[in-house]
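Below are the chains, spelled out letter by letter.
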Amino acid sequence: MGRPPPGGRTHRIAIRKTPRPSGAHDEKEHADAGPFGEVVGYQNVGLTPSRSFLPGAIPAMLPALKAKQSNETATFRTARPGRGPRRKWLFRCIAITLPFAALLVVEMLLRLFGYGNSPHFFLKGRFDGREVYLENPDFARRFFPPGLVRSPQPVILPAIKQPGTFRVFVLGESAAMGDPEPAFGFPRVLEVLLRDAMPAKKIEVINVAVTAINSHVIRGIARDCADKQGDWWIVYMGNNEVVGPFGAGTVFGRQTPSTAILRASLAAKSTRLGQFLDGLKWKFVSGRPRSWDGMEMFLQQQVALEDPRMARVYQNFERNLEEIIRLGRESGAEVLISTVASNLKDCPPFASASLDAQTNGPVAEWKQRVTAGTQTTDEGRFEEALKILDGTPRYFSNSAAVFFQVARCQKALGRGIEARANFERARDLDTLRFRADTRINGIIRHTAARNASSRFLDAVELMDRHSTNGIAGEEFFYEHVHFNFAGNYLLGRTFAAQILGVTNVASMLSSDECARRLAYTVADRARVLDEMLRRVQQPPFTAQIGAAAREARWRQQAIELHALLRPDTFDSTSAIYTGAIAREPGDWTLRENFARFLQEAGDFKAAEEQWRQLIGLMPRQERAYYGLAYALDARGRSAEAIQYFREALNRRPRSVEARNGLGLALASHGDPKAAVGEFETALREKPDFAEARVNLGQTLAQQGRLDDAREQYAEALRGNSNNGAAHINLGKLLAGQGKNVEAAAQYREALRVKPDNAVAHFNLGNALTAMGDPEAASHFEAATKSNPNFAEAHYNLALELARREQFAAALAHFSEAARLKPDFADGRFNLGVALAKAGRFAEAISEFQETLRLDPANQRAQKFIEEAHFRLQK
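Reading the values: rules and limits
- Residues numbered from 1 in each chain as written.
- Predicted model: local features only at pLDDT ≥ 70, side-chain atom pairs only at ≥ 80, totals over all residues.
- Heavy atoms only, no water.
- Helix = DSSP H or I, 4+ residues; strand = E, 2+ residues; numbered from the N terminus.
- Contact = heavy atoms within 4.5 Å.
- Pairing = 2+ DSSP bridges.
- Axes fitted to C-alpha atoms, helices over the stretch in contact; angles between N-to-C directions.
- Core = buried A, V, L, I, M, F, W, Y, C linked by side-chain atoms within 4.5 Å.
- Buried < 20%, exposed > 50% of the residue type's maximum accessible area, 1.4 Å probe, protein only.
- Salt bridge = Lys/Arg side-chain N within 4 Å of Asp/Glu carboxyl O.
- 1 Å grid on protein atoms, 1.4 Å probe; cavity = no way out; pocket = protein on both sides within 12 Å on 5 of 7 lines; lining within 4 Å.
- Points joined across faces, edges and corners; volume = space filled by probe spheres on them.
- Nonpolar A, V, L, I, M, F, W, Y, C, P; charged D, E, K, R; others polar.
- Expected span 1.5 Å × (residues − 1).

Caption draft 1: Examining the environment of Asp-390 more closely. With respect to the helices and strands, the residue Asp-390 is situated in the loop between α11 (382–389) and α12 (392–395). The sequence separation of Asp-390 and Gly-373 amounts to 17 residues, and the corresponding C-alpha distance is 9.2 Å. Beyond its immediate stretch of four places on either side in the chain, Asp-390 contacts Trp-366 and Arg-369.

Caption draft 2: Region of the structure containing the sheet that holds strand β8 (residues 455–457). Strand order in the open sheet made by the five strands is β5-β4-β6-β7-β8, with parallel pairing throughout. Each of the sheet's edge strands pairs with one partner strand only, and the pair in question is β5 (202–207) and β8. Between one strand axis and the next, the sheet turns by 20° as a mean value, whatever way the strands run. For strand β6 (residues 232–236) and strand β7 (residues 334–338), the ladder comprises four bridges, and the chain directions are parallel. Pairing of Ile-234 across the sheet is with Leu-336, part of β7.

Caption draft 3: Main features of the nonpolar core. Ranked by size, the top nonpolar core spans 118 residues in total, and within it Leu-194, Ile-221, Trp-233, Tyr-236, Met-463 and Leu-491 carry the most contacts. Counting 92 residues, the second largest nonpolar core, distinct from the first, contains Ala-580, Ala-595, Leu-632 and Leu-662.

Caption draft 4: Expanded view of the pattern of salt bridges. Within this structure, the stated rule accounts for 67 salt bridges. With its nearest N and O atoms 2.8 Å apart, the salt bridge here joins Arg-450 to Glu-318. Of the two residues, Arg-450 sits in helix α15 (residues 438–450) while Glu-318 sits in helix α9 (residues 309–330), which places them 132 residues apart along the sequence. Look at Arg-450 and you get partly exposed, because its relative accessible area is 46%. Its relative accessible area of 27% is what places Glu-318 among the partly exposed residues. Ionic contacts of the salt-bridge type, sharing partners, join the residues Arg-188, Glu-191, Arg-195, Glu-584 and Asp-587 into one network.

Caption draft 5: Focus on empty space enclosed by the protein. Tallied over the full model, the rule gives eight cavities of 30 Å³ or more. Here the largest cavity is characterised by a volume of approximately 80 Å³. Among the residues forming the lining of the largest cavity, the class breakdown is seven nonpolar, three polar and two charged. Within this model, the second largest cavity holds a volume of roughly 50 Å³. What lines the second largest cavity is Gly-238, Asn-239, Glu-241, Val-242, Met-310, Val-313, Tyr-314, Arg-433, Arg-435, Ala-436, Asp-437 and Ile-440. No other element matches α9, which puts three residues into the lining of the second largest cavity. Class assignment for the residues of the lining of the second largest cavity results in six nonpolar, two polar and four charged.

Caption draft 6: Inspection of the environment of Leu-700 at higher detail. Among the structural elements, Leu-700 can be located in helix α28 (residues 690–702). The exposure class assigned to Leu-700 is buried, which follows from its relative accessible area of 4%.

Caption draft 7: Representation of helix α23 (residues 604–617). Over its 14 residues, α23 runs 20 Å from end to end, which matches the ideal 20 Å to within 8%, given 1.5 Å per residue. Looking at the packing, one finds that the buried side of α23 touches α21 (570–583), α22 (588–600), α24 (622–634) and α25 (638–651).

Caption draft 8: Representation of the sheet that holds strand β2 (residues 130–135). Judged by pairing direction, the sheet is antiparallel, and its three strands sit side by side in the order β1-β2-β3 without closing on themselves. Only two strands of the sheet have a single partner each, and these edge strands are β1 (122–127) and β3 (156–158). Pairwise comparison of adjacent strand axes, ignoring direction, gives a mean angle of 40° for this sheet. Relative to β3, β2 runs antiparallel, the two sharing three bridges. By the bridge assignment for β3, Tyr-133 is matched with Leu-157.

Caption draft 9: Structural view of unusual backbone geometry. The step from Asp-179 to Pro-180 runs through a cis peptide bond, and the omega angle for that step is 15°. Mapping Pro-180 onto the fold places it in the loop between α4 (174–177) and α5 (186–197). In the segment running from Pro-539 into Pro-540, the intervening peptide bond is cis, with an omega of 5°. Among the structural elements, Pro-540 can be located in the loop between α19 (522–536) and α20 (547–563). One non-glycine residue, Ala-212, lies in the positive phi region at around 75°. Residue placement: Ala-212 occurs in the loop between β5 and α6 (215–225). The class of Ala-212 is buried, set by a relative accessible area of 11%. With a phi close to 60°, Gln-229 is a non-glycine residue in the positive phi region. Inspection of the secondary structure puts Gln-229 in the loop between α6 and β6.

See the structure below:
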């Protein structure tokens, strides 16, 4: 007979309705018992009827059969007591634990192979023989999709706080970090002021603010700061609650999830397996941003004030703020929270509800009044405009643009209180919600009032009080929320006064002295303004009211600043840096800025020294290594530069700046194929990295792959039509093909972006010269004014002037070209010609002789020497 598989549930088979033969039943049953006590001898009973029974005998046997069945069942159930239930529980335990064990094995394997990253803000490390905490550059990966992750500022924090150390943590978003240049943000100002006020203490202001984050992320940072022995925490946050991670208008993933889902998601992504699955998920999510495109990414994520999701935004913000305060207090720190100021009067709404959305009343008539009122406001006829606009805010009650226009008129007419209320209303109705609104600041105020143990600063009131008309604007802000140096100084000084308990702020260092100690030079001001100009040339800034006028105003300021960066100011600017470094030799930020200044000024040898000093201060930071590598490459030491670029990549393999520099060095070293590979790797990591794309185009052009090069330039311009480098290089490619008209158009586009771009002026001059256009001279002259050290521009300008027989002016520029580039043989020769035409034959002979030294085959130089000697003898 066939037996059931061991462990099978066959005990019910022992209870049969079919009668069995009499005789040695018990012996047969025990003889055929299965390995676990199951009765298996009668598995086929009823399939083959026994011939020993007559049909009539069955009824008579039923009572005895039932009794026998009862005995059989009792016998079976008592066989091998307790083994069945134990097996069931063992099986259940294995079934429950096996998946968890498998997940644990996968997690350990992922960690073993180095996949993923720590979810903590700080990482432990060693520096100068001591244990320290370092920033985790990948901390924010749990909150952002691939390609959009924002990194914190570099940190080296002693793990053991030394006696006499005063430690302050600054938590927040980009405004708290100091964007657009953290070197001059209010945390740096605060540090300078505290150092001056407490010279006996070691001051540590730790900037843990990060661009584009919000309270959900800051809550995690606060948890990691809790055991780091801070004396004070400063919390300045609220601008990104809607657009940041988990906000109602975010592009970084799920919008306004429940608290339970949010916390569970973050907990899962703190594991390597969770990070792997999250990365896998993003590969299949369509429509998400693939690279960082700034505020332009949010254009399709407009959120109205009355959007029901805003209730959860406010609720989450309040909970997170309460948690941050609690963590700070439990850590033993004094917690100072602040309202979040924004530019009200000089930052129009980014987006406004369409007037077409209004349905009650005569829409067309009111829209005409708005249009007429706006035009009249732009013409400066404010009283008339206000009369035209009267009533429109009530009618178009959700239009940020209308409220802003009314507020402009009221401000101009001296009605400041009304104007301020309407400017605030315009900000609150802005559907691109990049500024903390009235409700956010109200939550901060109420939370501070509930937490009497925390300190409070009303930054909104502070900025208004020190602004014209009592309304914050460009006095303290660049654009919507980011402070200029005046704003950073005012906020930093007020925070310092709170910490020090000072009521007379006049006793503190002045703004000018803080700027001097931070080495905030003209070069830095020009660099920051260039960055801001680049930003406001992109949406949503370009759609703001008065965008063109603001850009023109800032552009003029930039031109004026760049005009101050002359060769004769180099020493005085260098002195500011060296003085600040002498006061704080361990300040890595000062050395980095100084190295950058020297590099931009062309003093690569001095820059190399500063980069080497920076490596000693920040040996883990890849920026110091690739900065040094750029300086070495510029000095023609490409092989050495390649080594330092690789060192930078060892420290941070995802550094696209180091990867781009390595590509440049490889191209300089004669390995264009490898260079192309590095540029392409950088672009896979960051597709919008314009520098790498332009450099890839250049390298492809040098290989003769002109169509591929042109496509790279076009791709760079599709990502940013204001990319001056792409316009210039595309122009050079076209000029090389003899397409001078098209080339000139590209150079003009580059000048539209940056009117004082010396290279664009120079190349445009060359294109115009090829076309015989007399305008060429003016562009060569503009190039020399923008960059007085541009030898080639001086030379080409001199040639144009000589063609016009303006020999005296030509001589001056030939002389300057020879001074700047003494080994340029053609420059020496033409200087000799110009001197000869001026009758200065002895000097001309000297220049022709120098030409022959540089170019012994130059027969014209030899001929002119003879002619010049002949003229001297006459």
